[in-house]
Amino acid sequence: LTVAGQSAKVYTTIAAAMAAAVTDGGNRSFLINKGAYTGVASVTLPSGADWDIHGEGSAVTIWQASGNSQTLLTLGTSGVNDIRFRDIRFSAATFTGWIGVTNSAAANQRIHFESCHFTSSTGTGSGMDIQNTDYLTVQNCTFDGAITTGITASTVLQKALIDGNYFACVTGLSIAGNRVI
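No experiment lies behind these values; they were computed from the predicted model shown.

## Structural notes on the environment of Ser 91
Part 1 of the reasoning: Structurally, the position occupied by Ser 91 is in strand β10 (residues 89-91).
Part 2 of the reasoning: Sequence-distant contacts of Ser 91, defined by excluding residues within four places in its chain, comprise Ile 62, Trp 63, Gln 64, Ala 65, Leu 72, Trp 98 and Thr 119.
Part 3 of the reasoning: Within polar-contact distance, the side chain of Ser 91 engages the backbone nitrogen of Ala 93 at 3.0 Å.

## Observations concerning the nonpolar core
Part 1 of the reasoning: Core analysis: the biggest nonpolar cluster contains 38 residues, and Met 18, Phe 85, Phe 90 and Phe 113 have the highest contact counts within it.
Part 2 of the reasoning: In terms of residues, this core owes the most to one element, helix α1 (residues 14-24), which gives four residues.
Part 3 of the reasoning: Apart from residues no more than four positions distant in its own chain, Phe 113 is found in contact with Phe 85, Val 101, Phe 118, Met 128, Leu 136, Thr 137, Val 138, Gln 139 and Cys 141.

## Focus: the sheet that holds strand β17 (residues 149-153)
Part 1 of the reasoning: Read across the sheet, six strands follow the order β5-β8-β11-β14-β17-β20 without closing on themselves; strand pairing throughout is parallel. Because the sheet does not close on itself, it has two edges, and the strands there are β5 (41-43) and β20 (171-175). Pairs of neighbouring strands in the sheet enclose a mean axial angle of 10°, with direction left out of account.
Part 2 of the reasoning: Examined bridge by bridge, strand β8 (residues 71-75) and strand β11 (residues 98-103) share four bridges and lie parallel to one another. Residue pairing for β11: Leu 73 is matched across the bridge by Val 101.

How each quantity is defined
Residues numbered from 1 in each chain as written. Predicted model: local features only at pLDDT ≥ 70, side-chain atom pairs only at ≥ 80, totals over all residues. Heavy atoms only, no water. Helix = DSSP H or I, 4+ residues; strand = E, 2+ residues; numbered from the N terminus. Contact = heavy atoms within 4.5 Å. Polar contact = N/O pair within 3.5 Å; in protein donor to acceptor, adjacent residues only side chain to side chain. Core = buried A, V, L, I, M, F, W, Y, C linked by side-chain atoms within 4.5 Å. Buried < 20%, exposed > 50% of the residue type's maximum accessible area, 1.4 Å probe, protein only. Pairing = 2+ DSSP bridges. Axes fitted to C-alpha atoms, helices over the stretch in contact; angles between N-to-C directions.

And the structure:
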């Protein structure tokens, strides 16, 4: 598929698109079309690769759990990467013990979320569990429903900007092992 002179590949699952991007290497942009997607992905970006992952809107682009204790996306350690998420709804649906997005404790990543929605109708879990980053940005996101914790930061965050978010969950922000300055 070619769009505006650029090559584009079409995948039926988010995990398949991400796995192919890891194999291809380099910087990647993903457009997740409107719809509900299930399945989990665990990826290690190529060192130095930056990824932009965009939905068509958090009301219509939904990545949801399909079982208990699932992590929708796990980002592995690979070097310094910028990973940007925008306009995606991460949903536990009715499942418990889920995590929307997490990364490994040894990560050197700059992770950015903008206009994302983390929600659960009756399930429990955490919207994101960010274990170590060079930089974390969470702007204009919503955390609601039966989510236990919106953002968990369990080890070192070098720098973080948490701005303009709406928390209507049990615990909005849980910081352990970090200094707040």
